[in-house]
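Close look at the chain arrangement
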Amino acid sequence: QRRLVLILGDQLTPALSSLQAADRQRDILVMAEVVEEATYVRHHKKKIAFLFSAMRHFAEHLRSDGWTVDYQTLDDPDNSGSLGGEIARAAKQHDAAAVTVTEPGEWRLRDAMEGWSDALGLPVEILPDTRFIASHDDFADWAEGRKQLRMEFFYREMRRKTGLLMEGDQPIGGKWNFDAENRKPAKSDLFMPQPAGFKPDKITKDVLKLVAERFGDHFGELGPFWFGVTAAQAEEALETFIEQALPKFGDFQDAMLTDQRFLYHSILSLYINAGLLDPLAVCRRVETEYHAGRAPLNAVEGFVRQIIGWREFVRGIYWLKMPDYAGENFFNAKRALPDFYWTAETDMACLRAAIMQTREEAYAHHIQRLMVTGNFAMLAGVDPKEVHEWYLMVYADAYEWVELPNTLGMSQFADGGLLGSKPYAASGNYINKMSDYCHSCRYKVQQKTGEEACPFNPLYWHFLERNGDKLRGNPRLGQVYRTWDRMSDEKRADYLDSADRFLEKLV
Ligand code: FAD
Ligand code: DLZ
Ligand code: SF4
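Residues numbered from 1 in each chain as written. Chains lettered and ligands numbered in written order. Predicted model: local features only at pLDDT ≥ 70, side-chain atom pairs only at ≥ 80, totals over all residues.

1. Some thoughts on the overall build of the protein chain
Put simply, the rule reads: Strands here are runs of E lasting at least two residues and helices are runs of H or I lasting at least four, both read from the DSSP assignment and numbered beginning at the N terminus. With C-alpha atoms as the basis for the radius of gyration, the globule rule is written as 2.2 Å multiplied by the number of residues raised to the power 0.38. In this scheme every C-beta is placed from the backbone, and a residue whose C-beta has 20 or more other C-beta atoms within 10 Å is buried, one with 12 or fewer is exposed, and one in between is partly exposed.
Looking only at helices and strands, the protein chain features 24 helices and seven strands. Taking 507 residues into account, the globule formula puts the C-alpha radius of gyration at 23 Å, and the protein chain, at 24 Å, falls close to it. Projected onto its principal axes, the C-alpha positions of the protein chain cover 80 × 50 × 50 Å. Within the protein chain, the proportion of its 507 residues that are buried is 45%.

2. Structural notes on the domain arrangement of the protein chain
Inclusion rule: How far each domain reaches was decided by an automatic or database domain assignment. Side-chain classes are defined by residue name, with Ala, Val, Leu, Ile, Met, Phe, Trp, Tyr, Cys and Pro counting as nonpolar, Asp, Glu, Lys and Arg as charged, and the others, Gly among them, as polar.
Domain annotation for the protein chain reports domain 1 (3-127), domain 2 (136-193 + 245-321) and domain 3 (340-505). Among the elements that make up the side of domain 1 that touches domain 3, the one with the highest residue count is helix 3 (residues 45-64) (three residues). A per-class count over the side of domain 1 that touches domain 3 returns three nonpolar, three polar and five charged.

3. Describing the sheet that holds strand 4 (residues 98-102)
To be explicit about the condition: At least two DSSP bridges between two strands are needed for those strands to be called paired. Every angle, taken between N-to-C directions, lies between 0 and 180 degrees, and every axis is a line fitted to C-alpha atoms, over only the stretch in contact when it is a helix. Note on contacts: each residue gets a C-beta atom placed from the backbone, and two residues are in contact if those atoms are within 7 Å.
Ordered in space as 3-2-1-4-5, the five strands form an open sheet in which the pairing is parallel. The open sheet terminates on both sides in strands that have one partner only, identified here as strand 3 (68-72) and strand 5 (124-127). In this sheet, adjacent strand axes meet at a mean angle of 25 degrees when their direction is disregarded. Contacts between helix 3 and the sheet are confined to strand 2 (28-32) and strand 3, with strand 3 contributing the most and set at about 160 degrees to the helix.

4. Observations regarding the site of ligand 3
Short version of the rule: Residue proximity rests on one test: whether the C-beta atom, placed from the backbone, lies within 6 Å of the molecule or strand.
Near ligand 3 you find 14 residues, and of these Met348, Cys350, Cys438, Cys441 and Cys454 are the closest. Of all the secondary-structure elements, those providing two or more residues to the shell around ligand 3 are helix 16 (349-361) and helix 20 (428-434). Broken down by element, the shell around ligand 3 gets its largest block of residues, three residues, from helix 20.

5. Here we look at helix 13 (residues 279-291)
The criterion, for reference: Multiply 1.5 Å by the residue count of a helix minus one, and that product is the helix's expected span. Summarising the geometry, the arc corresponds to the directions from the helix axis toward the C-beta atoms.
Here helix 13 spans 19 Å end to end across 13 residues, near enough to the 18 Å set by a 1.5 Å rise per residue. For helix 13, the set of buried residues is Val282, Cys283, Val286, Glu287 and Tyr290. Looking straight down helix 13, one finds that the buried residues subtend no more than 135 degrees of arc, so they occupy a single side. Among the exposed residues of helix 13, those pointing more than 90 degrees away from its buried face are Thr288 and His291.

6. Thoughts on the pairing of strand 1 (residues 3-6)
Side chains Arg3 and Val5 project from strand 1 onto one buried face, and the interleaved Leu4 and Leu6 project onto a second face that is buried too. Where strand 1 lies against strand 2, three bridges are found, and the strand directions are parallel. Residue pairing for strand 2: Leu4 is matched across the bridge by Ile28.

7. What about the confidence of the model for the protein chain?
Regions with low pLDDT carry predicted coordinates that are not meant to be interpreted in detail. Which entries qualify depends on this criterion: Per-residue confidence from the prediction method is given by pLDDT, with values spanning 0 to 100.
Summing up the model confidence of the protein chain, the mean pLDDT is 96 and the portion of residues at 70 or higher is 100%. Per the prediction output, this complex has pTM 0.98; the corresponding ipTM is 0.99.

8. Digging into the site of ligand 1
By nearness alone, 28 residues border ligand 1, and His265, Ser266, Gln306, Ala398 and Glu403 come closest of all. Mapped by element, the contributors of at least two residues to the shell around ligand 1 are helix 12 (269-274), helix 14 (297-321), helix 17 (366-380) and helix 19 (400-411). Looking at the shell around ligand 1 residue by residue, the class counts come to 13 nonpolar, eleven polar and four charged. Looking at the shell around ligand 1, you find at least three residues from each of domain 2 (136-193 + 245-321) and domain 3 (340-505).

9. Some points on the packing of helix 21 (residues 456-466) against helix 24 (residues 489-505)
As a reminder, the rule being used: Each angle receives one of four descriptions, namely roughly parallel if under 35 degrees, roughly antiparallel if over 145, roughly perpendicular if within 65 to 115, and oblique otherwise.
Packing of helix 21 against helix 24 brings their axes to within 8 Å, and their N-to-C directions diverge by 105 degrees. Comparing the axis directions of helix 21 and helix 24 gives the class roughly perpendicular. Every residue of helix 24 that contacts helix 21 at Pro458, Leu459, Trp461, His462 and Glu465 is listed here: Tyr495, Leu496, Ser498, Ala499 and Phe502. Each residue belonging to the contact of helix 21 with helix 24 can be placed in one class, and the counts come to seven nonpolar, two polar and one charged.

10. Points about helix 17
Relative to the 21 Å expected for 15 residues at 1.5 Å per residue, helix 17 spans 20 Å between its end C-alpha atoms, a close match to the ideal helical length. Extensive coverage of helix 17 is indicated by the burial of 13 of its 15 residues. One or two positions beyond helix 17, positive phi appears at Gly381, with a value near 80 degrees.

11. A word on unusual backbone geometry
The bulk of non-glycine residues show a negative phi, and the bulk of peptide bonds are trans. Look at the link from Gly223 to Pro224: it is a cis peptide, with omega at -5 degrees. With respect to the secondary-structure elements, Pro224 resides in the loop between helix 9 (202-214) and helix 10 (231-244). Pro323 follows Met322 through a cis peptide bond whose omega is 5 degrees. With respect to the helices, strands and loops of the structure, Pro323 is situated in the loop between helix 14 and helix 15 (340-343). Despite not being glycine, Leu263 has its phi angle at roughly 45 degrees, a positive value. Residue placement: Leu263 occurs in the loop between helix 11 (246-249) and helix 12. One non-glycine residue, Asn332, lies in the positive phi region at around 55 degrees. Its place among the elements puts Asn332 in the loop between helix 14 and helix 15.

12. Remarks on the packing of helix 16 against helix 17
Think of two packed helices as two axes; the pair is described by the angle between the axes and how far apart they sit. Stated precisely, the cut-off is as follows: In this scheme, a crossing is called left-handed if the near helix is turned counterclockwise away from the far one by less than a right angle; it is called right-handed if the turn is clockwise.
At a closest axis distance of 10 Å, the pairing of helix 16 and helix 17 adopts a crossing angle of 115 degrees. By crossing handedness, the relation of helix 16 to helix 17 is classed as left-handed. Across the interface between the two elements, Cys350, Leu351, Ala354 and Ile355 of helix 16 pack against Gln368, Val372, Thr373 and Phe376 of helix 17. Along the lines of polarity and charge, the residues of the contact of helix 16 with helix 17 split into six nonpolar, two polar and no charged.

Structure, rendered in structure tokens:
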């Protein structure tokens with residue numbers, strides 16, 4: 001009996017569990033561009049264009065591979081506007097007996113799918129997403145009975161499970177983690193790597209036109225559009241990264257430079273999350289560079305840890321804790337997201353740079369997300385829900401399963417320390433150490449208080465003081481609070497007053 005197999009926009013791989021379970025002679029694959037997915041948050045234009053083009057290319061690939069694909073474009077007059085509507089239309093049209101889908105990455109859609117079977121009067125089978133190393137049960141088993149969930153211990157399990165960078169049951173190099181070597185500031189030079197860019201083909205050009213017409217008022221620049229949109233192009237991007245940037249990936253992982261948006265990062269998250277690259281295959285490919293002596297251990301281990309450690313870990317937390325997780329607000333922060341997160345119009349050079357490149361590229365690297373835009377929002381007391389929605393909208397790699405724990409947990413500490421042991425709060429000094437932003441800033445990073453002072457400086461103490469009841473008991477903050485307590489009353493008042501003045505003007 002004929003089945004429909006729904007393939008979502010971030011499931012673009014032939015290895016997908018639903019495709020593995022399907023019969024290419026009998027079954028029909030359904031793919032649909034729908035307004036609901038493009039607007040449940042108003043995604044960056046580049047992100048929508050990337051996904052629609054990648055979806056259209058993948059549909060072509062499937063057809064050439066012998067599959068029947070029912071592909072609904074956004075501008076088709078019959079388009080119902082939602083995935084539920086599209087599957088209902090297709091079920092009727094093709095007289096299907098059942099629906100199969102690989103589990104979606106977001107709780108929202110997973111929850112909606114629970115109602116599909118009743119609505120359609122057909123069985124709907126939801127298969128596990130086998131693109132991950134840890135299944136939901138694996139993670140739940142690991143988490144069971146632990147007071148704290150720490151990435152480092154989970155990561156070691158993933159190293160053992162995959163055998164990546166292992167010598168028997170021991171980590172290569174005698175240590176699991178070389179992060180201490182990965183904190184060097186960078187200097188710009190003429191030979192900085194650039195991520196592989198691709199010229200839009202006819203399919204992409206059609207999509208760009210459609211996105212400009214239909215989503216022209218969404219955040220972000222549509223052009224120049226240089227993302228890869230096929231598995232082959234994503235492979236090329238991987239090889240470019242390996243050749244140009246991987247050897248220094250570790251050393252400069254935390255660095256930031258005004259005129260270097262990509263530094264030694266891979267710019268692969270959008271491809272991995274959409275299915276164009278397989279995460280484990282990427283790690284194995286990168287591991288061969290270490291064995292061939294072309295990349296040092298701190299780079300290769302650091303890269304592998306981001307993928308089999310952090311990426312898997314945040315997904316585990318997401319499915320373990322949703323749906324309540326999205327509503328957490330440990331500090332009870334209520335401020336609206338400042339306007340400059342949309343316009344980049346601010347005198348703070350670090351925020352301006354991070355937001356401008358976000359607008360133009362739908363990309364910022366990890367330390368910009370964590371220590372610039374994230375850190376500022378937490379210090380200023382912005383409502384974590386607004387912060388979360390911003391991150392989900394503006395980055396080409398953003399889906400809730402990976403974005404939410406990173407934003408709400410790691411960057412805003414809104415889960416009260418489930419994901420991290422202390423808030424990533426930092427004053428201007430950290431940004432100055434890791435970047436060149438402060439040279440071109442109107443504010444003075446060395447100045448602690450007053451009109452000219454870097455706003456991060458008073459905001460840092462204001463954050464700690466106003467949340468003292470929640471944070472003073474944290475052993476990792478003991479030293480910081482001792483420093484605060486040792487200051488004169490006058491100095492403390494000066495900090496708090498400077499921060500209040502800044503916050504009063506912040507809209
Ligand atoms: P690289 O620095 O080259 O890292 C290599 C790969 O490791 C990435 O491609 C990615 O697949 C993985 N990775 C690295 N760090 C993480 C992490 N913390 N969590 C999960 N995977 C990681 N990543 C997303 O993929 N989608 C998001 O929506 C997202 N939102 C974030 C929001 C905040 C507030 C923060 C602090 C981080 C977020 N991250 C997110 C994690 C990280 O910033 C991005 O994965 C990374 O910047 C992507 O760029 P890259 O491919 O050049 O990464
Ligand atoms: C993000 C996105 C967008 C913008 N558009 C579509 C779409 O039109 N059709 C589709 O199947 N998927 C789209 N996606 C990806 C989904 O939002 C994603 O599959 C879910 O959020 C689950 O991760
Ligand atoms: Fe950012 Fe402060 Fe440096 Fe300006 S001085 S760039 S606001 S850290």
